[in-house]
Amino acid sequence: MIFLNQILQGIFLGAYYALIACSLSFLFGVMRIINLAHGSFIVVAAFLLFVLADRFGLPPWLGLILVVPVMAALGWVLQVLVLERSLKGGLLVPLLSTFGLAIVIDNLLFEGFGADTRSLAPAIGDLAFASWTLSDDVTIGQLDAIILLAAIVVLGGLQLFLAQTRLGRAIRATAEAPDIVGLIGIDARAVYGFATAIAIALAAIAGAFLGLRATFNPYSGGMQLLFAFEAVVIGGFGSLWGTLIGGIVLGVAQTLGAFINPHGFLIAGHGFFLAVLIARLYLPPLAERLRRRGRKAVAA
Amino acid sequence: MTQTGPILAATGLGKRFGALVVLEDVDFTVGIGEAVGIVGPNGAGKTTLLNVLSGRYAPEAGRITFRGADVTALDVAARCRLGIARSHQIPRPFGGMTVFENLLVAAAAGAGARGRMAEQRVLETLALCGLLGLANRRGETLGLLDRKRLELARALATEPALLLLDEIGAGLTDGEARGLVEIIGAIRERGIAIVWIEHIVHVLVQVVGRLVCMDAGRVIADGEPAAVLRNAAVIDAYLGSATHAPAHG
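Here the structure is a predicted model, which means the values were calculated and not measured. (Residues numbered from 1 in each chain as written. Chains lettered and ligands numbered in written order. Predicted model: local features only at pLDDT ≥ 70, side-chain atom pairs only at ≥ 80, totals over all residues. Heavy atoms only, no water.)

Draft legend 1. The arrangement of the pairing of strand S1 (residues 8–17) of chain B in detail. All names here are of chain B. Relative to strand S2 (residues 20–30), S1 runs antiparallel, the two sharing seven bridges. Bridging from a neighbouring strand, Lys15 pairs with Leu23 of S2. Here five bridges tie S1 to strand S4 (residues 61–66), and the two strands are oriented antiparallel to one another. Considered in S4, the bridge of Gly14 is made with Ala61. (Pairing = 2+ DSSP bridges. Helix = DSSP H or I, 4+ residues; strand = E, 2+ residues; numbered from the N terminus.)

Here it is in structure tokens:
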């Protein structure tokens with residue numbers, strides 16, 4: 001039963017990873033951009049929510065109503081000022097420019113807020129630690145349940161948006177062939193702007209849950225980026241449901257690692273990520289060889 | 001906009017790539033609902049002319065009006081929304097989207113169509129282009145002929161008043177090309193003006209009522225197809241490069 005509880009907690013943790021990873025996955029799927037400043041944007045949103053809660057007593061749920069549009073606007077600016085220009089320089093330039101942007105954002109946050117560790121948990125009272133006890137060994141945190149629900153709603157909503165709406169279809173078309181969508185009347189620059197705005201608005205939601213379930217400081221972005229990255233790679237770049245599964249697999253690997261050895265949390269996650277990465281590199285050629293041998297056997 | 005004037009009028013178009021002059025002082029008009037064919041040897045500037053008309057390239061000289069309004073400064077997307085659509089020689093479907101979605105995204109962005117209306121228009125266009133049976137197939141799974149049909153259908157879904165076609169028959173067998181000619185004829189009957197570049201002249205003249213011949217960036221003949229094909233300058237520039245009539249590009 002303790003084992004079952006560990007897996008359950010891993011799933012909840014994984015849902016959080018899926019939430020922080022979905023906009024990374026979305027942005028890569030649409031614009032082939034790996035946004036290394038992603039973690040920093042999550043932390044920016046967390047600090048904005050913290051200020052709203054701390055100074056103005058606005059609970060994070062309400063704070064999001066203000067912070068999501070602000071972050072979306074920041075996303076648009078990011079696209080126009082940084083990504084659009086960087087994309088013209090090839091694959092490496094967006095990596096370098098977003099990496100640089102992450103350093104700038106982290107240090108601006110440090111200038112503004114100092115090195116103190118903050119949390120949004122005090123702003124939601126009991127909910128931060130309330131839980132349902134299912135048996136002696138199995139408990140479910142209510143906040144964890146909300147995070148799992150939020151991950152499913154956000155990823156499902158994003159999937160539905162891409163499949164069923166005018167803008168969603170325009171984004172998919174632009175992702176496939178940015179150079180020719182003009183021929184059917186789509187303004188590719190505007191589509192990129194909307195897509196980045198959506199991605200950074202999603203980072204705001206991730207920032208809320210970062211602050212609610214844990215603590216953060218100006219330099220927390222790097223770790224969030226790392227976990228998000230691992231979730232996306234495990235699930236397959238550009239696939240949204242894959243990102244949910246990747247996040248959950250990562251979360252379960254980490255909690256099981258910690259179950260085996262108290263120091264095993266991070267190493268189990270990273271180890272699993274590396275295993276998947278290596279499998280991705282070596283398994284497809286191997287499978288292809290086996291298929292070919294199979295065909296030869298049939299032909300003979 | 002005047003009812004009788006041309007739908008598209010280009011005057012004095014000039015375009016160069018570095019030192020290479022690709023278009024020089026080209027005048028070109030298309031009447032409402034008219035179908036015009038463009039022929040000429042490789043490198044004559046035909047595709048560049050189409051790219052300047054569609055807005056992909058800005059001309060260094062000249063002016064383009066569409067339905068009486070100056071569109072010279074507008075980009076491809078803006079001109080498409082006004083009613084100028086273009087298909088490419090090498091079809092580029094949105095491979096991960098279904099055939100239906102390929103048209104739906106075009107109808108939404110190019111024609112501003114919404115909801116049921118958009119879906120209805122898309123179904124009509126699919127039927128016209130013989131793609132109804134493939135509506136739920138992904139673009140990347142189609143063969144060349146169906147890709148060409150999709151390229152044409154996607155351009156049509158933007159509800160153009162003027163359709164620019166770039167060698168849509170290239171790479172097809174005679175039988176396949178005949179099928180496309182029927183579709184293009186039906187498009188013409190709907191009152192959509194067509195400008196069509198094609199090396200396969202005998203296919204082209206089945207649809208167009210007027211032929212323009214280009215050579216070295218200039219228009220060297222313009223008029224009724226049979227007359228243009230008899231023109232000495234055309235024979236010299238175009239047919240003279242081959243020993244026989246250019247049945248295939």
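Text resumes after the structure shown.
Draft legend 2. Molecular detail of the interface of chain B and chain A. Residue-level contacts link 23 residues of chain B with 17 residues of chain A. Carbon and sulfur atoms make up 60% of the area that chain B and chain A hide from each other, which totals about 1,800 Å². When residues of chain B are sorted by the area they lose upon contact with chain A, Arg92, Phe94 and Met97 of chain B head the list and together hold 29% of the total. The interface formed by chain B and chain A holds two salt bridges in total. Taking the shortest distance from any N to any O, the salt bridge between Arg172 of chain A and Glu101 of chain B comes out at 2.9 Å. On the surface where chain B and chain A come into contact, there are eight residue pairs in polar contact (both at pLDDT 80 or more). Every element with two or more residues in the side of chain B that touches chain A is listed here: helix H2 (76–82) and helix H3 (99–111) of chain B. Broken down by element, the side of chain B that touches chain A gets its largest block of residues, seven residues, from H3 of chain B. (Contact = heavy atoms within 4.5 Å. Buried area = accessible area lost by both parts, 1.4 Å probe. Salt bridge = Lys/Arg side-chain N within 4 Å of Asp/Glu carboxyl O. Polar contact = N/O pair within 3.5 Å; in protein donor to acceptor, adjacent residues only side chain to side chain.)

Draft legend 3. Just the sheet that holds strand S10 (residues 218–223) of chain B, in detail. Residue and element names in this part refer to chain B. Across the sheet, six strands lie side by side as S6-S7-S8-S3-S9-S10; this open sheet has mixed pairing. What marks the edges here is a single partner per strand, and that holds for strand S6 (84–87) and S10. Averaged over all neighbouring strand pairs, the angle between strand axes comes to 20 degrees, with direction disregarded. For S6 and strand S7 (residues 162–166), the ladder comprises four bridges, and the chain directions are parallel. Note on S7: the bridge partner recorded for Ser87 is Leu165. Its contacts with the sheet put helix H5 (residues 144–157) on S6 and S7, and the angle it makes with S7 is roughly 160 degrees. (Axes fitted to C-alpha atoms, helices over the stretch in contact; angles between N-to-C directions.)

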